[in-house]
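Notes for the structure review
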Amino acid sequence: MSRDHVQSGRRPGPVDPAPRQAGGEADAPHRPAGGPVEAPHRPAEGPPDAPRADDAPRPAGEPADDLPRQLGGRREERADDVPRPPAGQPLAAEAPFLELLARGAAADAYEQPVLRARAEGRPAEWIAALEHAKLLALRVRAELDGRRRREAELSALFETAHDLAGLRDLDAVLQAIVQRARSLLGTDVAYLSLNDPERGDTYMRVTEGSVAARFQQLRLGMGEGLGGLVAQTARPYVTDDYFKDGRFQHTTSIDTGVRDEGLVAILGVPLMLGPHVIGVLFAADRRARVFEREQIALLGSFAALAAAAIDTANLLTETRSALADLSRANEIIKDRSAVIERASDVHDRLAELVLRGGGVHDVAAAVSQVLSGTVEFAEADAAPAKALEASRADGHAVRHGDDWIAAVAAGGELLGALVLRGHPGLDPVDQRTLERAAMVTSLLLLARRSAAEAEQRVRGELLDDLLDVRDRDPRLLRERASRLRADLDATHVVLAARLDGPAADADREAEARRRLWAAASHLAATRQGLAAARDGGTVLLLPLPPGETAMAVARSAARHLGTAVHEAVTVGASAPVADLAAHPEAVAAAYAEGRRCLDALRLLGRTGDGAAAEDFGFLGLLLAGDRDIAGFVERTIGQVVDYDARRGTDLLRTLEAYFASGMSPARTKDELHVHVNTVAQRLDRVGRLLGDDWQHPARALEIQLALRLHRLAAGADAIAPAPPE
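Remember, it's a predicted structure, so these values are computed and weren't measured experimentally. (Residues numbered from 1 in each chain as written. Predicted model: local features only at pLDDT ≥ 70, side-chain atom pairs only at ≥ 80, totals over all residues. Heavy atoms only, no water.)

Some points on the sheet that holds strand S6 (residues 237-239)
Definition in use: We treat two strands as partners when DSSP finds at least two bridges between them. Helix and strand labels come from DSSP, where a helix needs a run of H or I of at least four residues and a strand needs a run of E of at least two; each type is numbered from the N terminus. Under this scheme, a helix contributes an axis fitted over its contacting stretch, all axes are lines through C-alpha atoms, and angles between N-to-C directions fall in the 0 to 180 degree range.
In spatial order, the strands read S5-S4-S3-S8-S7-S6; together these six strands make up an open sheet with antiparallel pairing. Whereas interior strands pair on both sides, the edge strands pair on one side only; in this sheet they are strand S5 (219-221) and S6. For this sheet the average axis-to-axis angle between neighbouring strands, irrespective of direction, equals 25°. Bridge analysis of S6 against strand S7 (residues 265-273) gives three bridges, and the strand direction is antiparallel. By the bridge assignment, Tyr237 is partnered in S7 with Gly268.

Some points on the nonpolar core
Heads up, the condition is: The set of buried Ala, Val, Leu, Ile, Met, Phe, Trp, Tyr and Cys residues whose side-chain atoms join them within 4.5 Å is what this entry labels a nonpolar core. Only protein chains enter the accessibility calculation, which uses a 1.4 Å probe. A residue is then buried if its area is under 20% of the maximum for its type, exposed if over 50%, and partly exposed in between.
Grouped together as the largest cluster of nonpolar side chains are 31 residues, with contacts concentrated most on Leu174, Ile177, Leu192, Leu267, Leu271, Leu281 and Leu299. Secondary-structure elements contributing two or more residues to this core are helix H4 (170-185), strand S3 (189-196), S7, strand S8 (276-285) and helix H8 (293-335). Examining the composition of this core, we find that 11 residues originate from one element, H8, more than from any other.

A word on the pattern of salt bridges
Convention followed: For salt bridges, the criterion is a side-chain nitrogen of Lys or Arg within 4 Å of an Asp or Glu carboxyl oxygen.
Considering all chains together, one arrives at 29 salt bridges under this definition. Residue Glu511 pairs with Arg515 through a salt bridge whose shortest N-O separation is 3.9 Å. You can see Glu511 and its partner Arg515 sitting in helix H14 (residues 506-526), four residues apart, about one turn around the helix. Residue classification places Glu511 among the partly exposed positions, given a relative accessible area of 35%. With relative accessibility at 26%, the residue Arg515 sits in the partly exposed group. Overlapping salt bridges, with partners in common, bring together Glu111, Arg118, Glu131 and Lys134 in one network.

Description of the pairing of strand S13 (residues 492-499)
Both faces of the sheet carry side chains from a regular strand, because those side chains alternate between them. In terms of burial, S13 is a largely internal element, eight of the eight residues being buried. Burial along S13 is two-sided: His492, Val494, Ala496 and Arg498 and Val493, Leu495, Ala497 and Leu499, pointing in opposite directions, are all buried. Relative to strand S15 (residues 537-543), S13 runs antiparallel, the two being bridged by six bridges. Note that in S15 the partner of Val493 across the bridge is Leu542. Relative to strand S16 (residues 569-573), S13 runs antiparallel, the two sharing five bridges. When the bridges of S16 are listed, Arg498 appears paired with Thr570.

Section: the packing of helix H19 (residues 651-660) against helix H21 (residues 676-690)
So the rule is basically this: Reported orientations rely on four angle classes, namely roughly parallel under 35 degrees, roughly antiparallel over 145, roughly perpendicular from 65 to 115, and oblique for the rest. Two residues form a contact once any of their heavy atoms are found within 4.5 Å. Residues are grouped as follows: Ala, Val, Leu, Ile, Met, Phe, Trp, Tyr, Cys and Pro are nonpolar; Asp, Glu, Lys and Arg are charged; every other residue, Gly included, is polar.
H21 packs onto H19 with a crossing angle of 105° between their chain directions and a minimal axis gap of 10 Å. Taken together, the axes of H19 and H21 lie roughly perpendicular to each other. In this structure, H19 contributes Leu651, Thr654, Leu655 and Tyr658 to the contact, and H21 contributes Arg682, Leu683, Arg685, Val686 and Leu689. For the contact of H19 with H21, the per-class residue count stands at six nonpolar, one polar and two charged.

Looking at helix H16 (residues 585-603)
What counts here: The length a helix should cover is 1.5 Å for every residue beyond the first.
The end-to-end C-alpha distance of H16, which contains 19 residues, comes to 28 Å, matching closely the 27 Å that a straight helix rising 1.5 Å per residue would cover. Among the residues making up H16, those that are buried are Val587, Ala590, Tyr591, Glu593, Gly594, Cys597, Leu598, Ala600 and Leu601. Count one or two residues on from H16 and you reach Gly605, which has phi positive near 80°.

Right, here's the structure in full:
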């Protein structure tokens, strides 16, 4: 398929490289069965313990010969195409490139270490290792740039969705959509057109960046111009040079408007409501340009939001129209005399039910008394489909055998039906009564839905304020929480939840996220907690029941949300937090901890599960990308580091040699060229600093990881040998 004719949908992004697990097989020295770990052979060249070039991380499940990249205008060599150094050759090639990555250097800066090595006459194996490390670093840099771009795109989509959720002015929402589309795609102009069913063409509705009045007033016939072709075929189209493209029909008026605006490259995607095209969203440049697939998919996402905004505005109009119809019908009833008195009684009963907070089943019971029959409320999928559709289309109750069916609908949405059973002979007044009861039922359902959505928004706003630490007044926070039946003085757990199922397209992905947010809001309301949409998923603040653990709450939430949305939902939980009104900053820290647990679960392949930080310990934090490496090193071997610094001793190097020698004092003394008694004295000192359990397997693993991280953080010479004793 050519890039000029692109189907709707989102191309999957690049696979994230799987981080190396500390202590994994690629770094482990050979261990004979049942024997101690042998020290790896180190040739004379190169610094000790440098990572090997062939140990570079590769995305999980990715073949070695894929993922081509375009770097600096040329095709990037695959990392595995670079000649690797011989087995056993030590390397410290990654160090300069890690420094470049850390400070965000430009791409051409990555050539400097290789050029420097060649100028210094370094061996070919060393230069090959530098080339390999350079390519890996450039791949990581490209991945980071892509992630930052996707984060900006998602942020704009979330902001637009937030505007849509609080829709007040349709023009303002559409203007925001084209502004963000233009900004993210970096185009000169963005604009949106809508179809006119009466005239059979499409016209400009909103423009951003346009300077030509004639262009802003264009109308395109179906099939005319690129926009007319998109509106007619319901498919996105892109052209690098509009005036040289012969795939669509050029007309004088359209070409004149485009020429006045100075446009050259144009991308158009359809605005869809179900199977119908209601308009087109465009991004255009005043120079030749190739639009990438990701940009086409992003513009499609904005088009979906624009279509949703238009549909929401139409639904509001239809709802107001339905309310106006109900008001007019009520006036007609009041004007009628004796014939309407019975219906007026029903109206009074229903009004009383509404005022005292009655539900749809109360309405059905009241109508049952008036009509001397059995009236039930049925869900849309439980009522006779043919009769229900006929009632909705006709706006009246429809007979179905011995029963009568009255559709409960609002704004074109079918909410259910009122079913009058065993009453085949129904006079017009009673039929009208049943129909009015159906309309009242629809209003009750809409009112309850609106109230629930309003409460969900309020809960989300309070949780957003806690996460952003906007309101530090404990009294105000407690008052806001109490109105939502939440207690900030109780012990809570912060949960980070995210969908893990594949999204077929942007519309389905947005719908799945909306369902996840609705399910999370319902869960928070039933458990007297809070919920909000955040970072592509949802965050919940739930009270911790007595006797339960954070892990149990996380797993329960994962099951509940997964059942509600019919997809796998992964949930990471923080450790319990208390006294949130006085310490609102604890919520943000707990949410970060919950997200790290969520990332760890996904990296371990435990999607659809729930876990807390206590389930992973330091390993889970490392897998989830925790950057507090210095804190981990300090907690694990900080006392030994401080002791060496104060006394000028060599305990750190002794520990490294001890573990590298399979925890054998005899081999350790050979490695250090000291007496075995000296090794014993040093290890005894380590035991007094770290505790008697420092050689237990789990603790020893932590210490070895901390030693390695300390060396990597401080450089290859971080643990310099001390003078012989």
